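# Structural overview for review
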Amino acid sequence: MRKSSEKQNIRPRIRIKLKAKMIALISILIVGVFIIFALFLENFIEDTMEEQIGKRALGVATSVANIPELREAFQLENPAAVIQDIVAPIRKGTEAEFIVVGNTESVRYSHPSTNHIGKRMVGDDNERALKDGESYISVEEGSLGLSIRGKAPVFSDEGEIIGVVSVGFLNDDIQKVIADQNHSLWITLFLIILLGVLGAIFISHYIKKLLSNMEPEEISQLMIEKEAILQSTHEGIIAVNNNGHITMMNAQAQQLLFKQRVGEKDYSGKLIQEIIPSLNIQDFLHHNRSFYDREAILGEKVVLINQTPMYNEETIIGTVLTFREKTELEGVIHELSRVKQYANTQRAQTHEFSNKLYTILGLLQLNQNQEAIEFIKKESKLRQKWQRFLTDNIADPLIHAILQGKFNQANELGVNMSIHPDSQLSYRFSEEEKDVLLTALGNLIENAIEAVKDQKPNNRNVSILFTDIGEDVLVEVEDSGPGIAESDIPWIFEQGFSTKNGTHRGIGLALTYQAVQRIEGQLILEEGDLGGACFIMIIPKKGEDTDA
């Protein structure tokens, strides 16, 4: 049984490597093609050689038959004595195996072997020449063996057939010549096949290098995995080539752009500007630059786009765009902001109670029991008064809770946080409105506390007013801090802008502004009575009122 800690091979099973497959298949193809070609060529050479030798034999036979001396010799008592001397040098000159001249009875007047002169010609293929006067080529077995022959009739001056000339080349000699030609052919083809195999090795090595030394099974598995990752990614992903044409788009991108899954033909090859007109990536491609979290409008949605160039070694071959809805990111930031507020509230409350407990402990250790009792009564009265006010004037427990937490946080930091006595909030908010109000209220009070905590102790004031009288819910948060410079007012609700030092600033107020706008509300900055900033949030009523 294998141990659980033992690593398992997750690569696909590969029986034969791609390089070996390519070398074998290409080599088999080359060898097969060339063997077939060689066999065809061998047969072609044999047929051509036999045809050419036959024509050569026929040409020699026709020439000999037209020699005047040879024709005149047929009238002599012993034609063989003259004819043998005429054809002997011609046979040597033409390298024919034999030149046989016979009369109309096929009796030989010449032959390479003088013993055969006066005897009948062998082969029985003279009939067409002697009877019909034809010149032709034949293949027959003669006294010297199988041969290719050229036959031509000999005519007298009166035009009568008086004999026949037969010129032949032995088949064994012809086959030897053909074999020599075929031998050269096979050597040449072998060298070509060898070069083809070497080429197959080079091609397979080159292709394997282009495939990053991966096997087809690995590429297939990788493609399936990459496709699954691309399609399951929550962010939209678009690949664009150097000319700005779309080459790939995942399912989330299709959903954002077309509100449904579409076919590749609906986006492949289109310019990215046709789909996202506000985006111009050519400058970034040409200058090898990237960008992150750039806002763009897709239909009715605002998205954040990131762009990263694609490289092939050191050459840019395109770019990858990833984007997601800005509202999704804002939702995450809202949640993080709320968690941070709750954490700060809990920390402040813990710290405040810890300080009060230490104060009570110190008074008891000094035997100042009466002072300890008075301190406890004072704190209890203050907290009960605050709790009673929140309970009587705020219907929603979550809004009650966040105000209680901010009150504890302000006390810890020595900030005097107060709520206007006429404040009342009995309106029943929808879930979206409640979410926006909690986010906005937390951020506005947090900013107000931050603005006054560095002021003098007697000038650390934060005032809150809320009311739902009328058609809107009105929330006002005012502080005694340094306020907002007039030059900064146009940018105060922009994400990333902040009047405070440090990183990760300029988020809370921007999110508050966007959240309020999402529910068709307003967030207004005015100059407050306390000398600092005064933010007024107006939320239109859409739900139902409820009595406190």
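So, here is what we can say about the structure in this document. Everything quoted here is computed from the prediction, not taken from an experiment.

Here we come to the overall build of the protein. Summing up its helical and strand segments, the protein has 14 helices and 14 strands in all. Considering the protein as a whole, with its 548 residues, one finds that 39% of them fall into the buried category. Nonlocal contacts in the protein, meaning residues at least 24 apart in sequence, comprise 57% of its contacts between residues at least 6 apart. Accessible surface, the protein: about 32,100 Å² in total, of which carbon and sulfur atoms supply 54%.

Turning our eyes to something else, we now look at the packing of helix H1 (residues 18–65) against helix H3 (residues 79–94). The contact between H1 and H3 brings their axes to 12 Å, and the two run at 155 degrees. Between H1 and H3, the crossing angle belongs to the class labelled roughly antiparallel. When you trace H1 past H3, the crossing you get is right-handed. Contacts between H1 and H3 involve Arg 56, Val 60 and Val 64 from the first element and Val 87, Ile 90 and Thr 94 from the second. Grouping the amino acids of the contact of H1 with H3 by side-chain chemistry returns 4 nonpolar, 1 polar and 1 charged.

Taking 1.5 Å of rise per residue, the 16 residues of helix H12 (residues 397–412) would be expected to cover 22 Å, and the 23 Å separating its terminal C-alpha atoms lies within 8% of that figure. Taken across its 16 residues, H12 has 12 buried, putting it largely inside the fold. Among the residues making up H12, those that are buried are Ile 399, His 400, Ile 402, Leu 403, Gln 404, Gly 405, Lys 406, Phe 407, Asn 408, Gln 409, Ala 410 and Glu 412. Where H12 begins, the side chain of Asp 396 points an oxygen toward the backbone nitrogen of Leu 398, at a separation of 2.9 Å. In the segment just after H12, Gly 414 is the residue with positive phi, at about 75 degrees.

Further remarks concern the nonpolar core. Generally speaking, nonpolar side chains in soluble globular proteins are found buried as a group. Formed by 39 residues in total, the largest nonpolar core has its most connected members in Ile 399 and Leu 403. Counting residues per element, the ones that place at least two in this core are H12, strand S10 (416–419), helix H13 (431–452), strand S11 (461–467), strand S12 (472–479), helix H14 (508–518) and strand S14 (533–540). The greatest single-element share of this core, amounting to 10 residues, is contributed by H13. Not counting residues up to four positions away in its chain, the partners in contact with Ile 399 are Ile 394, Leu 425, Phe 429, Leu 437, Leu 438 and Leu 441. Counting residues in each nonpolar core, the second largest holds 27 residues, with Ala 61, Ala 80, Val 87 and Tyr 109 among its members.

What counts as what
- Residues numbered from 1 in each chain as written.
- Predicted model: local features only at pLDDT ≥ 70, side-chain atom pairs only at ≥ 80, totals over all residues.
- Heavy atoms only, no water.
- Helix = DSSP H or I, 4+ residues; strand = E, 2+ residues; numbered from the N terminus.
- Buried < 20%, exposed > 50% of the residue type's maximum accessible area, 1.4 Å probe, protein only.
- Contact = heavy atoms within 4.5 Å.
- Areas by Shrake-Rupley, 256 points an atom, 1.4 Å probe, with all protein chains shown as cover.
- Axes fitted to C-alpha atoms, helices over the stretch in contact; angles between N-to-C directions.
- Parallel < 35°, antiparallel > 145°, perpendicular 65-115°, else oblique.
- Left-handed = near helix turned anticlockwise from the far one by under 90°.
- Nonpolar A, V, L, I, M, F, W, Y, C, P; charged D, E, K, R; others polar.
- Expected span 1.5 Å × (residues − 1).
- Polar contact = N/O pair within 3.5 Å; in protein donor to acceptor, adjacent residues only side chain to side chain.
- Core = buried A, V, L, I, M, F, W, Y, C linked by side-chain atoms within 4.5 Å.

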